[in-house]
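Here are the chains, one letter per residue:
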Amino acid sequence: MARMVTTRNKVISTAAAWLVGFLIFFPILWMVLASFKTELEAFAIPPSFLFFHWTTENYVTVQERSDYFHHALNSIIIAGGSTLIAMLIAIPAAWSMAFSPTKRTKDVLLWMLSTKMMPPVGVLVPIYLIYRTFGLLDTRSGLIFILCLGNLPIVIWMLFTYFKEIPKDILEAARMDGATIGRELIYVLTPMAVPGLASTLLLNLILAWNEAFWTLNLSTLEAAPLTVFIASYSSPEGLFWAKLSAASTLAIAPILVLGWFSQRQLVRGLTFGAVK
Amino acid sequence: MGQITLQGVQKSFGPVHIIKGADLEIADGSFVVFVGPSGCGKTTLLRLIAGLEDVTGGAILIDGRNVVDVPPAKRGLSMVFQSYALYPHMSVRGNIAFGLKMAGIAKDEINRKVEAAAATLNLTPYLDRKPRELSGGQRQRVAIGRAIVREPKAFLFDEPLSNLDAALRVQMRLEVTRLQKQLGTTAIYVTHDQVEAMTMADKIVVLNGGKIEQYGSPLELYEKPNNLFVAGFIGSPKMNFVTGELAKQQGATTIGVRPEHLKVERNGQGGWHGTVSVAEHLGSDTFLYVDAGPLGMLTARYVGELDLHPGDKVSLIPDPARIHRFDDSGKSIRA
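Residues numbered from 1 in each chain as written. Chains lettered and ligands numbered in written order. Predicted model: local features only at pLDDT ≥ 70, side-chain atom pairs only at ≥ 80, totals over all residues.

A. The arrangement of the overall build of chain A in detail. Summing up its helical and strand segments, chain A has 13 helices and zero strands in all. Helices (α) and strands (β) of chain A occur, in sequence order from the N terminus, as α-α-α-α-α-α-α-α-α-α-α-α-α. Here the C-alpha coordinates of chain A stretch approximately 75 × 70 × 30 Å along the principal axes. (Helix = DSSP H or I, 4+ residues; strand = E, 2+ residues; numbered from the N terminus.)

B. The interface of chain B and chain A, seen in detail. In this complex, chain B contributes 16 residues to the contact, which on the side of chain A involves 14 residues. No other element matches helix α2 (residues 92-102) of chain B, which puts three residues into the side of chain B that touches chain A. Counted by class, the side of chain B that touches chain A contains twelve nonpolar, four polar and no charged residues. (Contact = placed C-beta atoms within 7 Å. Nonpolar A, V, L, I, M, F, W, Y, C, P; charged D, E, K, R; others polar.)

C. Structural detail: the pairing of strand β14 (residues 272-281) of chain B. Examined bridge by bridge, β14(B) and strand β17 (residues 313-318) of chain B share four bridges and lie antiparallel to one another. Of the residues in β17(B), the one forming a bridge with B:Thr275 is B:Lys313. (Pairing = 2+ DSSP bridges.)

D. Spatial organisation of the confidence of the model for chain B. All names here are of chain B. Looking at chain B as a whole, the pLDDT averages 92, with 100% of positions reaching at least 70. Element-level pLDDT for chain B is lowest in helix α9 (residues 245-249), with a mean of 88, against a maximum mean of 96 in strand β3 (residues 31-35). Scored as a complex, the prediction yields pTM 0.75 and ipTM 0.82. (pLDDT = per-residue confidence, 0-100.)

E. Expanded view of the sheet that holds strand β19 (residues 332-333) of chain B. Strand order across the open sheet formed by four strands is β11-β12-β18-β19 (chain B), with antiparallel pairing between neighbours. At either end of the open sheet lies a strand with only one pairing partner, and these are β11 (240-243) and β19 of chain B.

F. Spatial organisation of helix α6 (residues 124-133) of chain A. Little of α6(A) sits inside the fold, with one of its ten residues counted as buried. Just downstream of α6(A), A:Gly135 is the residue with a positive phi angle, here 65°. (Buried ≥ 20, exposed ≤ 12 C-beta atoms within 10 Å, placed from the backbone.)

G. Structural detail: the nonpolar core. Membership of the largest hydrophobic core comes to 148 residues, with the highest contact counts inside it found for B:Val33, B:Leu156 and B:Ile188. Ranked by the residues each element gives to this core, the list is headed by helix α7 (residues 140-165) of chain A, at 13 residues. Counting residues domain by domain, this core receives three or more from each of domain 1 (4-231) and domain 2 (238-333) of chain B. (Core = buried A, V, L, I, M, F, W, Y, C linked by C-beta atoms within 7 Å. Domains from an automatic or database assignment.)

H. Focus on unusual backbone geometry. Residues and elements named next belong to chain B. With an omega dihedral of -5°, the bond running from Ser 236 to Pro 237 counts as a cis peptide bond. Structurally, Pro 237 is set in the loop between α8 (228-233) and β11. The phi torsion at Asp 63 lies on the positive side, around 50°, for a residue other than glycine. In this structure, Asp 63 sits in the loop between β4 (57-62) and β5 (65-66). Using a count of 14 C-beta atoms within 10 Å as the deciding quantity, one classes Asp 63 as partly exposed. Phi at Ala 85 is positive, roughly 50°, even though this residue is not glycine. On the secondary structure map, Ala 85 appears in the loop between β6 (77-80) and α2. Under the C-beta neighbour-count criterion, Ala 85 is labelled buried, with 24 such atoms within 10 Å.

I. The arrangement of the packing of α2(B) against helix α3 (residues 107-120) of chain B in detail. All names here are of chain B. Direction vectors running N to C along α2 and α3 enclose 130°, while the axes themselves pass 10 Å from each other. Classified by the interaxial angle, the pair formed by α2 and α3 is oblique. For the pair α2 and α3, the crossing hand works out as right-handed. Taken together, the residues of α3 that come into contact with α2 (itself represented by Arg 93, Ile 96, Ala 97, Leu 100 and Lys 101) are Ile 110, Lys 113, Val 114, Ala 117 and Ala 118. Counted by class, the contact of α2 with α3 contains seven nonpolar, no polar and three charged residues. (Axes fitted to C-alpha atoms, helices over the stretch in contact; angles between N-to-C directions. Parallel < 35°, antiparallel > 145°, perpendicular 65-115°, else oblique. Left-handed = near helix turned anticlockwise from the far one by under 90°.)

J. The environment of B:Gly58, seen in detail. Residues and elements named next belong to chain B. Along the chain, Gly 58 falls in strand β4. For Gly 58, a count of 18 C-beta atoms within 10 Å translates into the label partly exposed. Considering only alpha carbons, one finds Gly 58 and Pro 294, 236 residues apart in sequence, at a separation of 47 Å. Once residues lying within four places of it in the same chain are set aside, the contact partners of Gly 58 are Leu 6, Gln 7, Gly 8, Val 9, Gln 10 and Gly 21.

K. Focus on the environment of A:Glu172. On the secondary structure map, A:Glu172 appears in helix α8 (residues 168-176). Sequence-wise, A:Glu172 and A:Glu184 are twelve residues apart; in three dimensions their C-alpha atoms are separated by 9.5 Å. What A:Glu172 contacts, discounting residues up to four positions off in sequence, is B:Leu52 and B:Ala85.

Next comes the structure, spelled out in C-alpha cells:
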C-alpha cells in the first residue's frame, strides 16, 4: 500500500517538475518559434504553435540589417575581458580575506556588497559625463571597465565563500609536509578551488553577457554588444516581433550553449558546501 | 632522536593568555598525552610545538636546538589532524607521498617508502583510491601513513580518533600505540578523553586553564594527584569529594575517595549512609549514585553485579588508605 502511494507521489511530482520546467522554458521556446514565423504570424491571434509557415527570412534580414558577428565579437570581448580582469583582482582579494582575515574583513565584504544596493541609474549621469570627458563612450575598454567594476563585488563574495570552505587544516597539513607558499598554492589550494573558480567564472560571464543597462547607455555602434543589437529591434521602426525574436535567439544562443554544457559545474558551484 | 623540551612557553592571543608558561621535558621515544577539558590550551600547545602558531615567550627545544623561529616543515615533526586533513584531490598514494615529494626525494625511493608505509597500515589495496572513497578509519590510517612515511623526530596527534565511532576508536587506539612502540618515535598526543590518555600514555600532561597541572605516568596521576583538578579529571567515574566536618577530622579542607574505593554495604553499620538514587547494572560493574544527605551525591563502583535498586539504603565505607586529602588551595596533602 505504502509503495503504491510512493509511486503515485513520484508520478505527480515528476509531472509537476516537468510542468514547472516547461513554464520556465516556455518564453525561450516561444521566442525561438517566433523567430521562424513571418511578421504577420508572429503576432496573430490566436497564435499558431507549430503549424505555421516556417521561414528563416528573419535571420537573413537581421544579419543584413545589422552585423550580428560584429556585436557577438563585442559581447565576447566585453564579457570575457571584464570577467578575466574581475577574476584577476578578486582571487588575491578573496584569498587574503579568507585565509588571513582581520577585524575589518567582514566590514569590507559588507561594504563591497553595499555598492550593489545602489540602482545603477542613480550614477548614470556622472558616469556618462566621466566617460564623455575621457573618451570612453562607445569603446570596448569603457564597457569592460564598467562591467568589471559592477560584477567585482559578486565575484569577490563568491570566491571568498569558496575559499572559506577549504579547511585550514589541509593547508596546515601541507605546511607540515614541507610545502612552501608557492607549492601550497600550486599543489593543494588551486586544485581544491577549481570548482569554485570555474562556477564563479561562468556566472560572471553570463552576468556580463546579459548586462543591458550600461551597455545600452554607454555604447551605440562601435563597441555595442548583443544587448544593443537586440534593443535596436524594439525601437526605431516599431516592434518587429519576428525579427526581434530572431535577434534575441542569436544573442542568447552562445551563452545558452555554454550554460548547457557547464550546467553540472554551475550547479555544483552554486551549491558548494551546502551538500557535503 | 626526538627529545622535546619546553622552557617557559607562553602564548597569548591579544590580551588573552592561552598558555601561561609551560615547562616540560619529553624523553626520546616516549608517548606523551596532553589531556584536559576543552579550552585548556592543549591543542594550542601542540600547535606551538608544531610551529603552526608562534610562541609569545619561552623556548621550544628539539634535540637541544631552539626551534621557535624555525618554520613547521623544518622542525622534522609530522602531525595527524583531527579532521584527517587529507588532500581530497590526491589519491592515497599521492597523499602519503606528498611530504616526500616536497622534500625532493627521488621517485623510486618515494615509491618504496610509500609502499612500505601502506603495508604497515594495511592500506595497500587502497593506494589508488581518493580519500572520499574511504571509510573514516581508513582515512585516519592514511593520515597516519602520511605522518610516518617522513620518518619524523616526533609525531604530533591532535585528537585523531574523536571523529571515529566508539568501536573503531578502541581498535585504532591499540593500533596507534602498537605502531608508536614499533617505530620507537616520540609521540605527543592531544585528547580530551581521559581513557585514551590513561591507556596510551607513558606519561600524561594534565592541562587546565593554560597551565600544566601535573606531569607523570598514568598511575602516578591516578594514585597521587597533585590537586583537586587532577584528582577530579583522572579516573572514571569521577572521584567523590567531601568537605566540612568529615574532612576536618582528617586534617583537610576536602577529602576525595574514588568510587572504586568505597565499599558498599546493604544497611551496614559505620561509614557513610545514604539512599540509592540511580543504579547502573553493567554486568561487569555496578555503579551506584547514592544520595548521602549532607555529604551530597556520592558515586560508588562495585565490581560485579550488586542487586540494589533506587530507594535502597546503603552504607559506603571508604578505604582508609585510599583517602586523598586536599588543603584550602586545593593542593594535595601528602603524609
